[in-house]
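# Inside the fold
Here is how the chains run, residue by residue.
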Amino acid sequence: MNKLPQITMAFWIMKVCATTLGETGGDLVSTTMKVGYAATSVILIAVFLGTAAVQLRARTFHPALYWTVILTTSTAGTTISDFMNRTAALGYATGALILLLALAALFTFWWLSGLTFEVARIKPGRGELVYWAAVLLSNTLGTSAGDFLADTSGLGFAGGTALIAGLLALIVLADRLTRAPKAVLFWAAFVLSRPLGANAGDFFSKPVALGGLGYGPLGASLILAATLAALLLRTTMQQRQQSPEPVG
């Protein structure tokens, strides 16, 4: 019983949309609404735990539910990263390093536990718990990495996005031209797609003077939410068409 989606091009497009929306949505609550990084992180972690609990109890794959949990990991990851790097004053580089080590530790535990890394074979129970923990950590790491590339590295939003897109292109080539483990390539792409979304979110929302398009967190969030909703509707309709009709 697999409650996770098939890994297709549509999956990656929705992943980037969801993580980009998480970037702008997290900024909307914490900064624009002035709730603050700490309080927003607590709220969004609670929302993530609630949606994840529903996902864990589900018996089949529900596209809307799955992508809701992905979105909550992204919004929570945005504010957790901002709290670490800005409120706690760790800085983008240090924050990214801490999160990278935490994710590496989780993957090490995952490997030692004997649970499969392959998302097509993850079973309900412990496998799902580790999977969602990895998703939350990777999205939090992606925010720090994206901020580091956009601000500290000097590449800017466009340069950081171009670099990450290039790395993702190399992963695609490795998938098609080499025998590299599919699971390793998937998780590498999953982690890298988050800073791609983080940079894209900043590119949509930041002022033109800072290299962005100037839509602001609210405008960018509305555009991305509409895009993700359209893709989700398409995915849901395709799933219903592929489901076998009841007999009798």
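This structure is a prediction, so every number in the text was calculated from the model and none was measured.

Attention now moves to the environment of Ala229. Locating Ala229 in the fold gives a position in helix α8 (residues 216-242). Classification of Ala229 as partly exposed rests on a relative accessible area of 44%.

Now for the layout of surface pockets. The computed volume of the largest pocket comes to approximately 650 Å³. Around the largest pocket, the lining is made up of 23 residues, and of these Ile7, Trp12, Val172, Asp175 and Ala189 lie nearest the centre. At the level of secondary structure, the elements contributing two or more residues to the lining of the largest pocket comprise α1 (9-32), α6 (156-177) and α7 (182-205). Class assignment for the residues of the lining of the largest pocket results in 17 nonpolar, two polar and four charged. Taken as a whole, the second largest pocket holds about 420 Å³ of empty space.

Counting residues in hydrophobic clusters, the biggest one holds 41 residues, and the most contacted among them are Tyr66, Trp67, Ile70, Trp110, Tyr131 and Trp187. Listing elements by their share of this core, those giving two or more residues are α1, α2 (37-57), α3 (63-87), α4 (92-113), α5 (126-152), α7 and α8. Counting residues per element, this core draws most heavily on α3, which supplies eight residues. Ignoring sequence-local partners within four residues, the contact set of Tyr131 consists of Leu4, Tyr66, Trp110, Val119, Ile122 and Trp187. With nine residues, the next largest nonpolar core counts Ile164, Ile171, Ala174 and Leu185 among its residues.

Moving on: the side chain of Ser30. The residue Ser30 is located in helix α1 in this model. Polar contacts involving the side chain of Ser30 include one to the side chain of Thr31, which spans 3.5 Å. Aside from chain neighbours lying at most four places away, what touches Ser30 is Val35, Gly36, Tyr37, Thr40 and Thr79.

Looking now at the pattern of salt bridges. Scanning the model with the defined rule gives five salt bridges in all. Between Arg86 and Asp82 there is a salt bridge whose closest N-O contact spans 3.8 Å. Placement of the pair is Arg86 and Asp82 together in helix α3, with a separation of four residues, close to one helical turn. The partly exposed category is assigned to Arg86, whose relative accessible area is 34%. The class of Asp82 is buried, set by a relative accessible area of 1%. A salt bridge links Arg121 to Glu118; the nearest nitrogen and oxygen atoms lie 3.7 Å apart. By sharing partners, the salt bridges in this structure join Asp82, Arg86 and Asp147 into a single network.

Reading guide: rules and limits
Residues numbered from 1 in each chain as written. Predicted model: local features only at pLDDT ≥ 70, side-chain atom pairs only at ≥ 80, totals over all residues. Heavy atoms only, no water. Helix = DSSP H or I, 4+ residues; strand = E, 2+ residues; numbered from the N terminus. Buried < 20%, exposed > 50% of the residue type's maximum accessible area, 1.4 Å probe, protein only. 1 Å grid on protein atoms, 1.4 Å probe; cavity = no way out; pocket = protein on both sides within 12 Å on 5 of 7 lines; lining within 4 Å. Points joined across faces, edges and corners; volume = space filled by probe spheres on them. Nonpolar A, V, L, I, M, F, W, Y, C, P; charged D, E, K, R; others polar. Core = buried A, V, L, I, M, F, W, Y, C linked by side-chain atoms within 4.5 Å. Contact = heavy atoms within 4.5 Å. Polar contact = N/O pair within 3.5 Å; in protein donor to acceptor, adjacent residues only side chain to side chain. Salt bridge = Lys/Arg side-chain N within 4 Å of Asp/Glu carboxyl O.

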